[in-house]
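Spelled out from the first residue to the last, the chains are:
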Amino acid sequence: MIEKLYDRILHRNPGEREFHQAVWEVLESLGPVFARRPELLDESLVERLCEPERQIIFRVPWSDDSGRTHVNRGFRVEFNSALGPYKGGLRFHPSVNLGIIKFLGFEQTFKNALTGMPIGGGKGGSDFDPKGRSDAEIMRFCQSFMTELYRHLGEYTDIPAGDIGVGSREIGYLFGQYRRITNRWEAGVLTGKGVLWGGSQARAEATGYGLVVFTAEMLKTRGEDLDGKRVVVSGSGNVAIYAMEKARQLGATPIACSDSSGYVVEEKGIDLDLLKQVKLTERARLSEYAERSGARFVSGGRVWEVPCEVALPCATQNELDEDDAVRLVRNGVQAVGEGANMPTTPSGIKVLRDADVLFGPGKAANAGGVATSALEMQQNASRDSWSFEHTEARLTEIMQHIHGLCHTTAERYGRPGDYVAGANIAGFELVEEAMVAQGLI
Ligand code: GLU
């Protein structure tokens with residue numbers, strides 16, 4: 001039955017590999033739900049969930065510093081608004097296409113549901129490559145992108161944020177253009193804003209911090225904690241850096257991280273101040289960090305070959321495959337928490353599951369970012385701004401709630417300790433209940 005449904009979705013969405021993978025991962029978990037509640041199949045819930053409510057594709061023309069014009073493609077996939085306005089980030093990366101944005105929007109719908117906040121799911125972006133572009137070029141691109149996108153947004157409609165290639169600089173340019181076109185100071189239309197102009201404390205830290213809180217909760221179920229554990233992280237952007245920071249606060253040692261050029265290993269622990277300076281301020285390569293810190297830099301290679309107890313993939317989709325998982329298991333990994341969206345391949349997950357490694361799927365483990373975006377929306381709606389401590393305390397509570405929800409849902413369906421099943425079923429149940437209550441729309 002589920003296979004048939006999946007075949008129809010494959011057929012309807014040809015060539016969208018990552019979208020197929022994300023849909024299958026959820027469908028595979030739902031067998032026990034349909035066995036208990038077959039009426040859900042009659043109501044075509046799955047077909048409705050897999051079809052975005054709206055898909056917007058547009059031209060983004062812009063000119064570079066030498067006056068040459070370029071054309072990129074912009075996307076916003078408004079996936080599901082049963083629980084709240086569309087909410088999800090924008091990704092600027094050359095690999096972006098409709099299938100990638102659909103996979104991200106699909107995942108976002110369940111992730112946002114798990115947070116318990118009133119947010120639906122959406123995602124957008126462009127195949128624009130920000131690498132090597134000047135601030136002025138980035139600004140012109142963002143202005144052109146928003147010149148089309150603004151008409152689809154609104155604090156009660158659709159609220160984008162950052163993702164790969166979109167950080168506070170880009171959100172600033174996007175917000176400025178939105179304000180200019182609409183003549184409205186509508187803080188709640190974008191999240192990830194600067195703290196000075198409507199942003200939230202702890203938003204930059206939120207995904208990484210939340211990921212580590214979730215991972216610590218998983219370890220707790222086995223009477224373990226992070227103290228003294230070696231942590232290996234992929235990526236070296238916001239998510240990776242703040243995951244390492246929180247891991248260190250909880251007594252672990254972050255010993256390796258990566259970027260697209262290779263990885264660094266430092267057994268005594270990564271120097272996070274220097275890493276922030278090199279990666280976030282200077283936007284330089286990781287080799288630059290290694291040169292200044294004296295850490296070992298491995299050009300190319302897989303960061304997962306570094307032995308550790310905790311592995312946190314925080315870069316991009318399908319970056320931890322079966323071979324990587326085998327290597328991690330052989331080296332004694334105890335927990336894997338996904339900071340990125342769908343970073344572990346299905347065969348990689350299987351290896352980890354068979355070896356009884358704690359595995360926190362992205363839609364649960366990395367939900368702290370979007371949850372804090374929802375906290376930013378709350379602050380905007382009440383024209384308030386909270387302290388770092390208060391915001392972080394709320395984030396921690398939310399992550400513990402998500403962990404508990406995934407854990408108890410997995411148990412309820414006879415899959416104790418299976419966070420993939422727990423997250424997929426719990427997310428599905430929340431969205432499904434709201435959809436059914438609101439009728440055939
Ligand atoms: N891009 C982030 C995610 O994947 C954050 C989205 C948001 O804050 O809206 O969840």
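Residues numbered from 1 in each chain as written. Predicted model: local features only at pLDDT ≥ 70, side-chain atom pairs only at ≥ 80, totals over all residues. Heavy atoms only, no water.

## Considering the overall build of the protein
For the record, the criterion: In this description a helix means any DSSP run of H or I spanning at least four residues, a strand means any run of E spanning at least two, and both kinds are numbered starting from the N terminus. Atoms considered for the radius of gyration are the C-alpha atoms alone. The globule rule reads 2.2 Å times the number of residues to the power 0.38. For each residue, the accessible area found with a 1.4 Å probe, counting protein chains only, is set against the maximum for its type, and the residue is called buried under 20%, exposed over 50%, and partly exposed in between.
Per the secondary structure count, the protein includes 18 helices and 12 strands. Taken over C-alpha atoms, the radius of gyration comes to 21 Å for the protein, in line with the 22 Å a tight globule of 441 residues would show. For the C-alpha atoms alone, the extent of the protein along its principal axes is close to 60 × 55 × 45 Å. Buried residues in the protein amount to 58% of all 441 residues.

## Overview of empty space enclosed by the protein
Note the following rule: Cavity: a set of points on a 1 Å grid over the protein atoms alone where a 1.4 Å probe fits but cannot get out. Pocket: an open set with protein on both sides within 12 Å along at least five of seven lines, its lining residues, like those of a cavity, having an atom within 4 Å of a point. Grid points are joined across faces, edges and corners, and a volume is the space filled by probe spheres set on the points. Polar here means any residue outside two lists: the nonpolar Ala, Val, Leu, Ile, Met, Phe, Trp, Tyr, Cys and Pro, and the charged Asp, Glu, Lys and Arg; Gly therefore counts as polar.
Following the criterion strictly, the structure yields 1 cavity of 30 Å³ or more and no others. Counted as a void, the largest cavity has a volume near 30 Å³. Elements represented by at least two residues in the lining of the largest cavity include exactly α2 (17–29), α5 (45–50) and α6 (98–114). By residue class, the composition of the lining of the largest cavity is 8 nonpolar, no polar and no charged.

## Some points on the nonpolar core
Note the following rule: Remark: nonpolar core denotes a set of buried residues (Ala, Val, Leu, Ile, Met, Phe, Trp, Tyr, Cys) joined through side-chain atoms within 4.5 Å. In this analysis, two residues are considered to be in contact whenever any of their non-hydrogen atoms come within 4.5 Å of each other.
With 56 residues, the main nonpolar core has Phe 214, Val 264, Ile 270, Leu 275, Tyr 289, Leu 312 and Ile 402 as its most contacted residues. Top contributing element to this core by residue count: helix α9 (residues 203–220), with 9 residues. Those residues within four positions of Ile 270 in sequence are excluded, and the remaining contacts are Met 244, Arg 248, Pro 254, Ile 255, Ala 256, Cys 257, Val 264, Leu 275 and Tyr 289. The next biggest cluster of nonpolar side chains, apart from the first, holds 37 residues, and it includes Phe 19, Ala 22, Phe 34 and Ile 425.

## Regarding the sheet that holds strand β2 (residues 69–80)
As a reminder of what qualifies: Only when DSSP finds a minimum of two bridges between them are two strands counted as paired. What counts as an axis is a line fitted to C-alpha atoms, over the stretch in contact for a helix, and the angles between N-to-C directions run from 0 to 180 degrees.
Across the sheet, 5 strands lie side by side as β1-β2-β4-β3-β5; this open sheet has mixed pairing. Sheet topology places β1 (54–63) and β5 (158–161) at the edges, where each strand pairs with a single neighbour. With direction set aside, neighbouring strand axes in the sheet form an average angle of 20°. Pairing geometry for strand β3 (residues 86–92) and β5, over 4 bridges, is parallel. By the bridge assignment for β5, Tyr 86 is matched with Asp 158. Of the strands in this sheet, β1, β2, β3, β4 (121–126) and β5 are in contact with helix α7 (residues 135–149), which crosses β1 at around 145°.

## Concerning the layout of surface pockets
Here the second largest pocket defines a volume of roughly 290 Å³. If you trace the second largest pocket, you find 16 residues lining it, with Trp 185, Ala 187, Asn 380, Ala 381 and Arg 383 closest to the centre. Its residues assigned to classes, the lining of the second largest pocket shows 3 nonpolar, 7 polar and 6 charged.

## Regarding the pattern of salt bridges
Worth spelling out the cut-off: Here, a salt bridge means any Lys or Arg side-chain nitrogen found within 4 Å of an Asp or Glu carboxyl oxygen.
If you walk through the whole model with that rule in mind, you get 36 salt bridges. With a closest N to O distance of 3.0 Å, Glu 170 and Arg 169 form a salt bridge. Each member of the pair Glu 170 and Arg 169 is classed as buried. With its nearest N and O atoms 2.8 Å apart, the salt bridge here joins Glu 309 to Arg 230. Placement of Glu 309 in the loop between β9 (296–299) and β10 (310–313) and of Arg 230 in strand β6 (residues 230–234) is noted, with a sequence separation of 79 residues between them. Glu 309 gets classed as buried once you look at its relative accessible area, which sits at 16%. Residues participating in the shared-partner salt-bridge network are Arg 302, Glu 305, Asp 321, Asp 324 and Arg 327.

## Remarks on the environment of Leu 375
As for its position among the elements, Leu 375 is in helix α16 (residues 368–381). A C-alpha to C-alpha distance of 31 Å links Leu 375 and Pro 416, two positions 41 residues apart in sequence. If we skip the residues at most four places from it in the chain, Leu 375 touches Met 117, Trp 386, Thr 391, Arg 394, Leu 395 and Ile 398.

## Let's talk about the site of the ligand
Rule in force here: One heavy atom within 4 Å of a molecule or strand makes the whole residue count as near it. In protein, a polar contact means a hydrogen-donor-capable atom and an acceptor-capable atom, both N or O and within 3.5 Å, with residues adjacent in sequence counting only if both atoms are side-chain atoms; elsewhere, any N or O pair within 3.5 Å suffices. Here, Shrake-Rupley sampling with a 1.4 Å probe gives the accessible areas, and only protein chains in the shown set may cover a residue.
Every one of the 13 residues lining the ligand counts as a neighbour, but Lys 87, Lys 111, Gly 162, Asp 163 and Ser 373 are closest to it. Take Ser 373: an N or O atom from its side chain is 2.6 Å from an oxygen atom of the ligand. Relative to its unbound accessible surface of 300 Å², the ligand loses 94% to contact with the protein. At the level of secondary structure, the elements contributing two or more residues to the shell around the ligand comprise β3, α6 and α16. When the residues that make up the shell around the ligand are grouped by side-chain class, the tally is 2 nonpolar, 6 polar and 5 charged.

## Here we look at α7
Because each turn of an α-helix spans 3.6 residues, side chains separated by three or four positions end up pointing in the same direction. Put simply, the rule reads: Here the expected span of a helix is defined as 1.5 Å times the quantity of residues minus one.
Between its first and last C-alpha, α7 extends 21 Å over 15 residues, near the 21 Å set by a 1.5 Å rise per residue. In the core, the buried residues of α7 are packed alongside β1, β2, β3, β4, β5 and α8 (168–182).

## Notes on the packing of aromatic side chains
This is how the line gets drawn: Here is the rule: rings of Phe, Tyr and Trp (six-membered ring for Trp) pair when centre to centre is within 6.5 Å. Planes less than 30 degrees apart are stacked, more than 60 are edge-to-face, and the remainder are tilted.
Applying the stated criterion across every chain, the model contains 18 aromatic pairs. With a centroid separation of 5.9 Å and 90° between ring planes, the pair formed by Phe 19 and Phe 106 is classed as edge-to-face. Here the residue Phe 19 occupies a position in helix α2, and Phe 106 occupies one in helix α6, the gap between them amounting to 87 residues. Residues Phe 19 and Phe 106 agree in their burial class; the two are buried.

## Here's the deal with the side chain of Glu 392
Inspection of the secondary structure puts Glu 392 in helix α17 (residues 388–412). Glu 392 gets classed as buried once you look at its relative accessible area, which sits at 17%.

## Notes on the packing of α16 against α17
A pair of packed helices is captured by two measures, namely the crossing angle of their axes and the spacing between those axes. Note the threshold: For this classification, under 35 degrees means roughly parallel, over 145 means roughly antiparallel, 65 to 115 means roughly perpendicular, and everything else is oblique. Less than a right angle of anticlockwise turn of the near helix away from the far helix marks a crossing as left-handed, whereas a clockwise turn marks it as right-handed.
Running from amino to carboxyl end, α16 crosses α17 at an angle of 130°, the nearest separation of the two axes being 10 Å. As judged from the angle between their axes, α16 and α17 are oblique. α16 and α17 meet at a crossing whose hand is right-handed. Residues Gly 368, Ala 371, Thr 372, Leu 375 and Gln 378 of α16 form the contact with α17, whose participating residues are Thr 391, Arg 394, Leu 395, Ile 398 and Met 399. Here the residues of the contact of α16 with α17 sort into 5 nonpolar, 4 polar and 1 charged.

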